[in-house]
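For reference, the chains in residue letters:
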Amino acid sequence: MSISPAFKDQEIFVTGGTGFLGKALIEKLLRSCTTLSKIYVLLRPKKGQSVEQRLKDQLDSKLYQRLREEQPESLAKVIPIQGDVTELGLGISPGDLSRLNNVTIVYHSAASVRFDDPLRSAILMNTRGTHELIKLALQWKKLKAFVHVSTTYSNPSVLEVEERVYPPLADWRTTIKLAETYDEQTLNIFSLKYGNFQPNTYTFTKSLAEQVVNSYRDQLPIFIFRPSIVISTLEDPVPGWTDNFNGPTGLLVACGVGILRSQNCDPDCIVDFVPVDIVVRGLIIAAYKYLITPTPVKTKNLEIKEKDDKPLYVVNCATANISPITMGQVIDIGKTYIRQNPFERTLWLPGGSITLCPVLHFVRFCTMHIMMAIVVDTLLRLSNEKPFLLKLQRRIFAAFSALQVFATTEWHFQNENFRALHDMVQKNEIATFGFMQHSNIDYVAFFRNGIRGAKEFLLGESPNSSNAARFRLKIFYILDFTIQAVIYGFLMFLLYKLALKIF
C-alpha cells in the first residue's frame, strides 16, 4: 500500500501544532494525505484568543496559502482541542476526551524549546506532559502509531549518537514528583547537579521524556523520532518558509541587520541542519511504517508491566553525514547573499565573524555590540523614539551563552533507520514523500531561499530588496570604511607617539 492511501480515514492527534514543526506537519498531512479523516490539535487560549481563533489565524497564514488554493475544503478537517501540556490530563475536558476515542495516530511534538527555562517548568512541559499524554493514549483502543518527537541532542554527553535509548540520567518518576512538590526557586538551587550537569534544562528533560516513552514500549505502538537542528523548508510547500529566529536563521538575520558582529563558535565545526519539510516527510513515513506493520502490544492499562527484550524503535533524523556544512560556510554564504539582497531594516553594514577565542569574542562584543547599541539608543532618545538595541543585545548575549556548547561541539548521529524510511517510499510517491533525492543539498541556493523567506515570513518585507535598501547599504559601506579608517589611524598615531618616546 502506498503512503497516502494508508492514511485513509485515520484520525490524528497533534500536540505542539502551533510550533514550527507542528504547523508544517499539519499542512503536509492535509495536502498530501488527502483522505485522512480528522486532525485534532491541542491548543490553549492565549492573549485573550480562543482556541478556535488561534487555529483560524494559523490556517490563514502564508504557510497554508498553497493548501487554501488547491484544497480549501481540507481545512475543515482540523479540529481544535482546548488543553495544556503542562496540566494533568493535558487539561482536556471530558467532552473533548470522548471525541478522541477513535484516534489512530498521535504526534507528540509539544515541548518548550527554550534552553534557559527553570527546571520545574521544563519538567512539567517536556517530561510530565509526555507521561500525561501516554496515559490518555492507553485508553485509545484504535491507536496504531504514537510518534514521540524528541531531539538528537537529548544525550549531549554522547558524541557518537546511536539510534537507541541511552541509560537514564535520573529517575523520571522521582523527577516529576519533585516538580509537583517543590517550587521553582527550590528546584533551581540544585538544578545543575540533579540534571547531571547537562548543558541546559531542555536536553535534560527531553532525555527523561525518552525514558518515559521507553517504559511504555510494550503497551503502546510507540517510538522516538529525533530531529537535529530544524531549519527552513527546502521546497515544500514553498522554499525558505520559517516562522522563528531560532538556529541559523536568527544568526543570519542578526548579521544581516548589522547587530551581530561576533560569535564564539568553531568555524570548522560541522553542524547538523535538517530542513523542516524533510523532518515532516520522515514523520509521516515513520507513522506509515506502523500503519502497514502493526506492532503487537500488551493489554493497555495504567500499570507498568515488565517489558520484553525488544528495544524501542528510534529514528535519528539527521543529515550531516548526507549533506555536511560547517558553521563558517553558513556565515560566508549568508554574508555574501545578504549584501546582494539586504534587509529593509538594516542598522549597519551586514557582516561579523566567528572565533573560538572567548577573550577576543568578549572584546568584540563590548566594542562592536555594546558600544554600537549605546550610540543607537542615544540617537533614538534624542529623536524621542524608544531605545531598544541595548536590551536586545543583552538578550542575544544570553541566548548565545545558553547555546555555547552546541556552537563548539561536533556530534555524529547514526541514521540508518532514518535512511531506511526513504526505501519504503514507492517510486510514484518519491516526489511527495521521499527525501534522499535531496541529498547533497545546494546550500548556497538553500540559504539564499532561507534569507528571502526570513524577509517575507519573519520581517514582513518583500523577498527582493528595494532600491532604498540597496542605497542605504552603499552609505553603510562608506561609513564603515570611514570609521575603520579613523580608528585604525588613531591607533597608528598612538603607536607612533609611543615609538617616539621609547626610541
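For the structure, check the block above.
Residues numbered from 1 in each chain as written. Predicted model: local features only at pLDDT ≥ 70, side-chain atom pairs only at ≥ 80, totals over all residues. Heavy atoms only, no water.

K.L.:
So what exactly am I meant to see when it comes to the overall build of the protein chain here?
P.N.:
Of the regular secondary structure elements, the protein chain holds 20 helices and 13 strands. Here the C-alpha atoms of the protein chain give a radius of gyration of 25 Å, agreeing with the 23 Å that 2.2 N^0.38 yields for 503 residues. Expressed as lengths along the three principal axes of its C-alpha atoms, the size of the protein chain is roughly 90 × 55 × 45 Å. Within the protein chain, the proportion of its 503 residues that are buried is 53%. Carbon and sulfur atoms make up 58% of the accessible area of the protein chain, which totals about 23,100 Å². (Helix = DSSP H or I, 4+ residues; strand = E, 2+ residues; numbered from the N terminus. Rg over C-alpha atoms; globule rule 2.2 N^0.38 Å. Buried < 20%, exposed > 50% of the residue type's maximum accessible area, 1.4 Å probe, protein only. Areas by Shrake-Rupley, 256 points an atom, 1.4 Å probe, with all protein chains shown as cover.)

K.L.:
Whenever I open this one, helix H17 (residues 416–423) confuses me. Can you help?
P.N.:
An α-helical turn contains 3.6 residues, so a residue and the one three or four places further along point in the same direction. Buried residues of H17: Phe418, Leu421 and His422, and no others. An end-on view of H17 places all buried positions within 100 degrees of arc, on one side of the element. (Arc of directions from axis to C-beta.)

K.L.:
Help me out: how do you make sense of helix H13 (residues 327–340) in this one?
P.N.:
For H13, with 14 residues, the first-to-last C-alpha span of 20 Å sits near the 20 Å given by 1.5 Å per residue. For H13, the complete set of buried residues consists of Met327, Gly328, Val330, Ile331, Ile333, Gly334, Tyr337 and Ile338. Taken together, the buried residues of H13 touch helix H11 (247–256), strand E10 (273–275), strand E12 (353–355) and helix H19 (443–458). (Expected span 1.5 Å × (residues − 1). Contact = heavy atoms within 4.5 Å.)

K.L.:
Explain the environment of Lys28 here, please?
P.N.:
On the secondary structure map, Lys28 appears in helix H2 (residues 20–32). Lys28 sits in the buried class, given a relative accessible area of 4%. In this structure, Lys28 is in contact with Cys33, Asp236, Val280, Arg281, Ile284, Thr432 and Phe433, ignoring residues within four places of it in sequence.

K.L.:
Would you explain the nonpolar core in this entry?
P.N.:
Most often, soluble globular proteins have nonpolar side chains that are buried together. With 95 residues, the main nonpolar core has Phe7, Leu29, Tyr107 and Ile284 as its most contacted residues. It is helix H12 (residues 276–292) that contributes the most residues to this core, 12 residues altogether. In this structure Tyr107 touches Phe7, Ile12, Phe13, Val14, Thr15, Leu25, Leu29, Val147, Leu283, Ile284 and Ala287, once residues within four positions along its chain are discounted. Grouped together as the second largest cluster of nonpolar side chains are 40 residues, Val103, Leu143, Tyr216 and Ile224 included. (Core = buried A, V, L, I, M, F, W, Y, C linked by side-chain atoms within 4.5 Å.)

K.L.:
Before we go on, may I ask you to explain the side chain of Ser109 in this structure?
P.N.:
Among the structural elements, Ser109 can be located in the loop between strand E4 (105–108) and helix H6 (119–137). At 2.6 Å, the side chain of Ser109 forms a polar contact with the backbone oxygen of Thr15. Not counting residues up to four positions away in its chain, the partners in contact with Ser109 are Thr15, Gly16, Gly22 and Val149. (Polar contact = N/O pair within 3.5 Å; in protein donor to acceptor, adjacent residues only side chain to side chain.)

K.L.:
I'm lost on the state of the cysteines in this one. Help?
P.N.:
Chemically, a disulfide is nothing more than a covalent bond linking the sulfur atoms of two cysteines. As enumerated under the stated definition, the model contains zero disulfides in all. In this structure Cys265 is not part of a disulfide, and its nearest cysteine sulfur, from Cys269, lies 8.2 Å away. By relative accessible area, which is 2% here, Cys265 ends up buried. (Disulfide = S-S within 2.5 Å.)

K.L.:
What exactly am I supposed to notice about the pattern of salt bridges here?
P.N.:
Side chains that differ in sign of charge can pair as their charged atoms come close. Within the structure shown, the criterion is met by 19 salt bridges. Across the pair Arg128 and Glu180 runs a salt bridge whose closest N-O atoms are separated by 3.0 Å. On the criterion of sequence distance, the pair formed by Arg128 in helix H6 and Glu180 in helix H7 (residues 172–181) is long-range, its members being 52 residues apart. Relative accessible area serves as the criterion here: at 9%, Arg128 is assigned to the buried category. Judged by relative accessible area, which is 38%, Glu180 ranks as partly exposed. Close ionic contact of Glu162 with Arg164 constitutes a salt bridge, the shortest N to O distance being 2.8 Å. For Arg164, a relative accessible area of 35% translates into the label partly exposed. (Salt bridge = Lys/Arg side-chain N within 4 Å of Asp/Glu carboxyl O.)

K.L.:
Would you take a moment to explain the environment of Tyr443 for this structure?
P.N.:
By the secondary structure assignment, Tyr443 is in helix H19. Given the relative accessible area of 9%, Tyr443 is considered buried. Counting along the chain gives 209 residues from Tyr443 to Leu234, while the straight-line C-alpha distance between them is 9.9 Å. Look past the residues within four positions of Tyr443 in its chain and what remains in contact with it is Phe273, Ser323, Pro324, Ile325 and Ile333.

K.L.:
Is there a simple way to think about the sheet that holds strand E1 (residues 11–15) in this case?
P.N.:
What links the strands of a sheet is backbone hydrogen bonding, and the strands pair in either a parallel or an antiparallel sense. The strand order across the open sheet formed by seven strands is E3-E2-E1-E4-E5-E7-E11, and the pairing between neighbours is parallel. At either end of the open sheet lies a strand with only one pairing partner, and these are strand E3 (78–82) and strand E11 (314–317). Sheet twist, expressed as the average angle between the axes of neighbouring strands with direction ignored, equals 20 degrees. Across four bridges, the pairing between E1 and E4 is parallel. Looking at E4, one finds that Ile12 is bridged to Ile105. Strands in contact with H12 are E4, strand E5 (145–149), strand E7 (222–227) and E11; relative to E7, the strand with the most contacts, it is inclined by about 165 degrees. (Pairing = 2+ DSSP bridges. Axes fitted to C-alpha atoms, helices over the stretch in contact; angles between N-to-C directions.)

K.L.:
Quick question: what am I supposed to make of the pairing of strand E2 (residues 38–43) here?
P.N.:
In the case of a regular strand, side chains alternate between the two sheet surfaces. Within E2, five of the six residues are buried, leaving the element largely enclosed by the surrounding structure. The handedness of the E1 to E2 crossover, carried by H2, is right-handed. Across five bridges, E2 lies against E3 in parallel orientation. Within E3, the residue paired with Val41 across the bridge is Pro80. (Right-handed = clockwise from strand over helix to strand, strands pointing away.)

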